[in-house]
Amino acid sequence: IPVDCVDMTRTLAAVDEMVAGGLPRTILAVNPEKVMKAQHDPVLRRALDGAGLLIPDGIGVVYAVRMLWGEHISRVPGAELMPAICGLAARRGYKVFLFGAGREVNEQAVAKLQNRFPGIPIVGHHDGYVDEAQMPKLIDEINVSGAQILFVALGSPKQELWMEKYLPRLHHIRVCQ
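Predicted model only: the values in this text are computed from it and were never measured. In this numbering scheme, every chain counts its residues from 1 along its sequence in written order. Where local features are concerned, this predicted model is filtered to residues with pLDDT of at least 70; where side-chain atom pairs are given and counted, the filter is 80 or more; whole-chain, interface and lining totals use all residues. To obtain the side-chain values, all non-hydrogen atoms of the structure were included, while hydrogens and water were left out.

Peer 1: What am I meant to see in the pairing of strand 4 (residues 122-126) here?
Peer 2: Regular strands have side chains that alternate between both faces of the sheet. Two elements, strand 3 (residues 96-100) and strand 4, share 4 bridges in a ladder whose sense is parallel. Following the sheet pairing, Leu98 is matched in strand 4 by His125. Once the chain exits strand 3 it traverses helix 6 (residues 103-116) before rejoining the sheet at strand 4, and the crossover so formed is right-handed. Two strands make a pair as long as DSSP finds a minimum of two bridges between them. Starting at the N terminus, helices and strands are each numbered in turn, a helix being any DSSP run of H or I of at least four residues and a strand any DSSP run of E of at least two. With its strands directed away from the observer, a crossover is right-handed exactly when the path from the first strand over the helix to the second travels clockwise.

Peer 1: In this structure, what is going on with the sheet that holds strand 6 (residues 175-176)? I would like to understand it.
Peer 2: Remark on secondary structure: sheet strands pair via backbone hydrogen bonds, oriented parallel or antiparallel. Ordered in space as 2-1-6-5-3-4, the 6 strands form an open sheet in which the pairing is parallel. A single partner strand is all that each edge strand has here, and the edge strands are strand 2 (53-56) and strand 4. Of the strand pairs in this sheet, strand 1 (residues 25-30) and strand 2 are connected by 4 bridges, and their pairing is parallel. When the bridges of strand 2 are listed, Val30 appears paired with Pro56.

Peer 1: Got a minute to help me understand helix 8 (residues 158-166) in this structure?
Peer 2: For the α-helix, the turn length of 3.6 residues means that residues three or four positions removed from each other point alike. All of the buried residues in helix 8 are Gln159, Glu160, Trp162, Met163 and Tyr166. Viewed end-on, helix 8 has its buried residues packed into an arc of 160°, placing them on one side of the element. Exposed residues in this analysis have more than 50% of their type's maximum accessible area, buried residues have under 20%, and partly exposed residues fall in between, with area computed by a 1.4 Å probe over protein chains only. Working note: the arc is built from the helix axis to C-beta atom directions.

Peer 1: How should the packing of helix 3 (residues 42-49) against helix 8 be read in this particular structure?
Peer 2: Angle between the axes and distance between the axes: these two values describe a pair of packed helices. Working convention: axes come from line fits to C-alpha atoms, limited for helices to the stretch in contact. Angles between N-to-C directions cover 0 to 180 degrees. Running from N to C, helix 3 and helix 8 cross one another at 65°; their axes reach a closest spacing of 9 Å. One way to sum up the angle between helix 3 and helix 8 is to call them roughly perpendicular. Every pair of crossing elements has a handedness; the one defined by helix 3 and helix 8 is left-handed. Contacts between helix 3 and helix 8 involve Val43, Leu44, Arg46 and Ala47 from the first element and Glu160, Leu161 and Glu164 from the second. Here the contact of helix 3 with helix 8 is composed, by residue class, of 4 nonpolar, no polar and 3 charged. Oblique is the label for any angle not covered by the other classes, which are roughly parallel (under 35 degrees), roughly antiparallel (over 145) and roughly perpendicular (65 to 115). Should the near helix be turned counterclockwise from the far one by less than a right angle, the crossing is left-handed, whereas a clockwise turn marks it as right-handed. Contacts are residue-level and defined by heavy atoms, with any inter-residue pair within 4.5 Å sufficient. Ten residue types, Ala, Val, Leu, Ile, Met, Phe, Trp, Tyr, Cys and Pro, are classed as nonpolar, four, Asp, Glu, Lys and Arg, as charged, and the remainder, Gly among them, as polar.

The structure is reproduced here in structure tokens:
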């Protein structure tokens with residue numbers, strides 16, 4: 001499974017480039033569990049292969065890259081990347097949409113992000129309890145919002161599979177993590 005040799009600074013620079021670009025891209029975290037699952041899950045493997053950026057999230061992945069290829073990379077934890085991207089969004093005015101978790105947790109996340117990053121343009125949010133029949137309505141909601149950055153919190157590998165399936169239908173999203 002590939003992984004990009006990036007640190008937090010390079011990752012945020014890539015986010016800027018992705019938002020400025022014309023194509024929607026995913027940022028996916030690579031950790032040992034996902035590497036093992038992708039060996040036997042062709043849909044997850046395809047999602048990883050098609051990602052715009054594969055961050056070295058797990059320390060096991062960092063050590064493997066160092067041992068196998070001699071590259072000195074550092075961890076870019078997805079849990080730290082999300083607030084860093086939100087800080088970038090607040091500074092640059094990038095529109096953000098949050099999808100996932102339960103309704104209450106989702107609403108608390110919005111409130112905490114707005115408190116931590118005054119002025120962050122969170123243009124929409126929705127809990128992760130959406131069945132397939134309701135998905136077109138959610139896709140429309142995301143599209144109408146004009147969001148450029150979409151955070152998906154459905155748990156792995158469900159979120160990666162969701163991104164691979166629905167990202168092509170999202171008109172304004174440029175970064176999906």
